[in-house]
Amino acid sequence: MNDIIETIEYKNYNIELCYDTSPDNPREFHENFGFMACFHKNYKLGDQHSFNEPQDLIDWIEANKDKIYYLPLYTYEHGNITIATTPFSCQWDSGQVGFIYITKEKAKAEGITEPYEALEAETKEYDYYLRGDTYGVRILDSEGEMLDSQFGYLGDRQIAINDAEGMIDTYN
């Protein structure tokens, strides 16, 4: 069961904002532009890759740096895990785990004009997933009967609420 965070009244309906306790992994179920290659002793992070060791990845990045846009990936782990493209300040619970990259050819073909911003956005989306910053909404009528639900929102809970209000607007 999903935990209700708050209930919002909207046009004689109730919107239940909930935590999504079983969200889809955005690295597996979303179309991603970038590729995340990570090495972590406790977690399987990023995308499945064929690099055997971190040094293999570093060597590949170095050999292809003129053909790709790339950013380093760092994690901080203290109870939960978070990922970012900039280092964390804790020397014991954080460190670099890999890279996210996109080929220049793919960026051009996809019309990506700001590749580093696109890689940063994908990392941020994955971080929401890793931290459990995931939401869903249920729409109930005035009798408490559930009419609709939508889950899989990552990050900004207001987007989930706005979408629920939009669904309600289509009822009237």
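Residues numbered from 1 in each chain as written. Predicted model: local features only at pLDDT ≥ 70, side-chain atom pairs only at ≥ 80, totals over all residues. Heavy atoms only, no water.

Draft legend 1. Structural context of the pairing of strand 6 (residues 94-103). Most of strand 6 is tucked away, with seven of its 10 residues classed as buried. As paired elements, strand 3 (residues 35-38) and strand 6 share four bridges and run antiparallel to each other. Residue pairing for strand 6: A37 is matched across the bridge by F99. Of the pairings in the sheet, the one linking strand 4 (residues 68-78) to strand 6 comprises nine bridges and is antiparallel in character. Opposite Y70, over in strand 6, you have Y101 as the bridge partner. (Buried < 20%, exposed > 50% of the residue type's maximum accessible area, 1.4 Å probe, protein only. Helix = DSSP H or I, 4+ residues; strand = E, 2+ residues; numbered from the N terminus. Pairing = 2+ DSSP bridges.)

Draft legend 2. Structural context of the packing of aromatic side chains. Counted by the stated rule, this structure contains nine aromatic pairs. With 5.5 Å between their ring centres and 85° between their planes, Y69 and Y116 make a pair best called edge-to-face. Taken together, the residues Y69 in strand 4 and Y116 in helix 4 (residues 115-131) connect sequence positions 47 residues apart. For Y69, a relative accessible area of 22% gives the class partly exposed. For Y116, a relative accessible area of 41% corresponds to the partly exposed category. Measuring from centroid to centroid gives 6.1 Å for Y126 and Y129, while their planes differ by 15°, and the two rings are stacked. Remark: Y129 and Y126 occur in helix 4; sequence separation between them is three residues, near one turn of the helix. The exposure class assigned to Y129 is partly exposed, which follows from its relative accessible area of 23%. Through pairs of rings, three or more aromatic residues link up here, namely F35, F51, W60 and Y101. (Phe/Tyr/Trp six-rings, centres within 6.5 Å; stacked < 30°, edge-to-face > 60°.)

Draft legend 3. Here's a closer look at the layout of surface pockets. Roughly 170 Å³ of volume is contained in the largest pocket. Around the largest pocket sit F39, H40, K41, N42, T75, E77, W92, D93, S94, G95, Q96 and V97, which together line it. Mapped onto the lining of the largest pocket, the elements with two or more residues apiece are strand 4 and strand 6. Tallying contributions element by element places strand 6 first for the lining of the largest pocket, with four residues. For the lining of the largest pocket, the residue count by class is three nonpolar, six polar and three charged. (1 Å grid on protein atoms, 1.4 Å probe; cavity = no way out; pocket = protein on both sides within 12 Å on 5 of 7 lines; lining within 4 Å. Points joined across faces, edges and corners; volume = space filled by probe spheres on them. Nonpolar A, V, L, I, M, F, W, Y, C, P; charged D, E, K, R; others polar.)

Draft legend 4. Here's a closer look at the sheet that holds strand 6. Here we have four strands laid out as an open sheet, ordered 3-6-4-5, and antiparallel in their pairing. The outermost strands of the open sheet, each flanked by one partner alone, are strand 3 and strand 5 (80-84). Across the sheet, the mean angle from the axis of one strand to that of its neighbour is 25°, orientation sign disregarded. Sitting on the sheet, helix 2 (residues 54-64) touches strand 3, strand 4 and strand 6, and the angle it makes with strand 6 is about 40°. (Axes fitted to C-alpha atoms, helices over the stretch in contact; angles between N-to-C directions. Contact = heavy atoms within 4.5 Å.)

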